Amino acid sequence: MTVPAPIVLDSDPGIDDAVALQYLLGTGLWDLKAYTSVGGNLPADATYSNARALARALRIDTDVPVHRGAGRPLSRLPYREASAFHGRAGLGEESLPDSTAPHPTESSAQALLRLSRAYEGELTVCATGPLTNVAIALLEDPGFARRVAKFVFMGGAAQVPGNFTPVAEFNIWSDPDAAEVVLSSGIPFTMVDLDASHGWLFRPADLAALEAAGPGTALAARLMRTYMQAYTRHGGDGTCPLHDPLAVGVCGDEAFVTAAEGAVIVECASELTRGQTVFVPADARRIYYSESPSLTARLRATGRVALGPGSRDFSEHFVATLPHWPALP
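What counts as what
Residues numbered from 1 in each chain as written. Predicted model: local features only at pLDDT ≥ 70, side-chain atom pairs only at ≥ 80, totals over all residues. Heavy atoms only, no water. Helix = DSSP H or I, 4+ residues; strand = E, 2+ residues; numbered from the N terminus. Rg over C-alpha atoms; globule rule 2.2 N^0.38 Å. Buried < 20%, exposed > 50% of the residue type's maximum accessible area, 1.4 Å probe, protein only. Contact = heavy atoms within 4.5 Å. Areas by Shrake-Rupley, 256 points an atom, 1.4 Å probe, with all protein chains shown as cover. Lys, Arg positive; Asp, Glu negative; His and termini not counted. Charge placed at Lys NZ, Arg CZ, Asp CG, Glu CD. Core = buried A, V, L, I, M, F, W, Y, C linked by side-chain atoms within 4.5 Å. Pairing = 2+ DSSP bridges. Right-handed = clockwise from strand over helix to strand, strands pointing away.

K.L.:
Would you mind showing me how to read the overall build of the chain here?
P.N.:
Helix and strand counts for the chain stand at 14 helices and eleven strands. Its C-alpha atoms give the chain a radius of gyration of 18 Å, near enough to 20 Å, the size a compact globule of 329 residues would have. Dimensions of the chain, computed from C-alpha atoms along their principal axes, come out at roughly 60 × 45 × 45 Å. Within the chain, buried positions represent 56% of all 329 residues. At a minimum sequence separation of 6, the contacts of the chain that also span at least 24 residues come to 82%. For the chain, the exposed area adds up to about 13,500 Å²; of that, 54% sits on carbon and sulfur atoms. Charge centroids of the chain, computed over 25 positive and 36 negative side chains, lie 2 Å from each other.

Below, the structure is given as structure tokens:
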């Protein structure tokens, strides 16, 4: 029997962040050591409140501490929330009760650092929001990069257009400086980007399956119905991508995506291309940036980058897994 591995979920809930948490718990693969919130889909106070409420709804708040993330991005650039997709309070039409668990004194970044020392060489970190907390941890202690066994994040667009600007995905756009700190640190990263997440869709038949699965998936079904409606209002076809759950899935099995090795450089200076993730494959047949020693050195910080969906059906696995960890209805 496989012993669940230690993991931290760093999240900005958010509808798809919420169902990503239920999916993580349902897999049975992970020992969730902390649920760390970060500002992104909504400001940091709101995502922290949502994280606490979700911990209660998923019956983990007595065992898993919920930590509050940084109050602002590292970036000097303006902040923009995503309430148009996630609802004014971030969880669609839901108004979930707060947890009665105590508020930890540690910040999200402090919790990440402590757990990386306690589980050195074992800890997986999965980030489904902007990378502010992870960047703060690295700036305080660069050794965090070598202590983490695996770092998987949802963000970026390697070879496809962005979803917030023509070239930028929302999580990276929200704090590009943080993303560049992380991706240049040497941390063993896997970038689960729009190239892959747009290949795994949640469809009306999936919603019907969740609605039929009983009260344990009622919350997830309501959230996903709202999410599908938001995508439809923004020009969609009645489906929605499984962005954040896919990142959790890849923590356990990379077969959900098709990935390649390479460097990712984040554009931080230009207002026009803020948050663009420039992917340089490790097997590129030409030498890039040869005139710039600093940029050439930057290409040595490589990781795994998802370039499309993989051979294993993630949408099917997501729907089948959620009922394994029932939520309060």
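Let's pick the thread back up.
K.L.:
Where do I start with the nonpolar core in this structure?
P.N.:
Across soluble globular proteins, nonpolar side chains have a tendency to be buried as a group. Within the largest apolar cluster, 57 residues are counted, with the highest numbers of intra-cluster contacts made by Leu 21, Leu 32, Phe 202, Leu 246 and Phe 318. In contact with Phe 202, not counting residues within four places along its chain, are Leu 207, Leu 210, Met 224, Met 228, Thr 239, Cys 240, Leu 242, Phe 318 and Val 319. Counting 32 residues, the second largest nonpolar core, distinct from the first, contains Leu 112, Phe 144, Val 148 and Phe 189.

K.L.:
Even after reading the chapter, I still don't get the sheet that holds strand β4 (residues 124–127), so can you show me in this structure?
P.N.:
Backbone-to-backbone hydrogen bonds pair the strands of a sheet. The strands run either parallel or antiparallel. The mixed open sheet is built from nine strands, whose spatial order is β3-β2-β1-β4-β5-β6-β11-β9-β10. This sheet does not close on itself; its edge strands, each paired only once, are β3 (66–67) and β10 (277–281).

K.L.:
How should the pairing of strand β1 (residues 5–11) be read in this particular structure?
P.N.:
Each regular strand displays side chains that alternate between the two surfaces of the sheet. In terms of residue burial, β1 counts as a mostly covered element, since six of its seven residues are buried. Both β1 and strand β2 (residues 30–37) contribute to a ladder of seven bridges, which runs parallel. When the sheet's bridge partners are listed, Leu 9 is paired in β2 with Tyr 35. In this region the chain leaves β1, passes through helix α1 (residues 15–27) and returns to the parallel neighbour β2; the handedness of that crossover is right-handed.

K.L.:
I tried to follow the pairing of strand β5 (residues 150–154) on my own but got confused; where do I start?
P.N.:
Most of β5 is tucked away: four of the five residues are buried. Pairing geometry for β4 and β5, over four bridges, is parallel. Within β5, the position partnered with Val 125 by the bridge is Phe 151. Of the pairings in the sheet, the one linking β5 to strand β6 (residues 189–192) comprises four bridges and is parallel in character.

K.L.:
In this structure, what is going on with unusual backbone geometry? I would like to understand it.
P.N.:
A negative phi angle characterises most non-glycine residues, just as the trans form characterises most peptide bonds. Here the bond from Pro 13 into Gly 14 is cis, since omega is -10 degrees, no more than 30 degrees from zero. Its location among the elements puts Gly 14 in the loop between β1 and α1. Positive phi, close to 65 degrees, is recorded for Arg 59, a residue that is not glycine. You can see Arg 59 is positioned in the loop between α2 (44–57) and β3.

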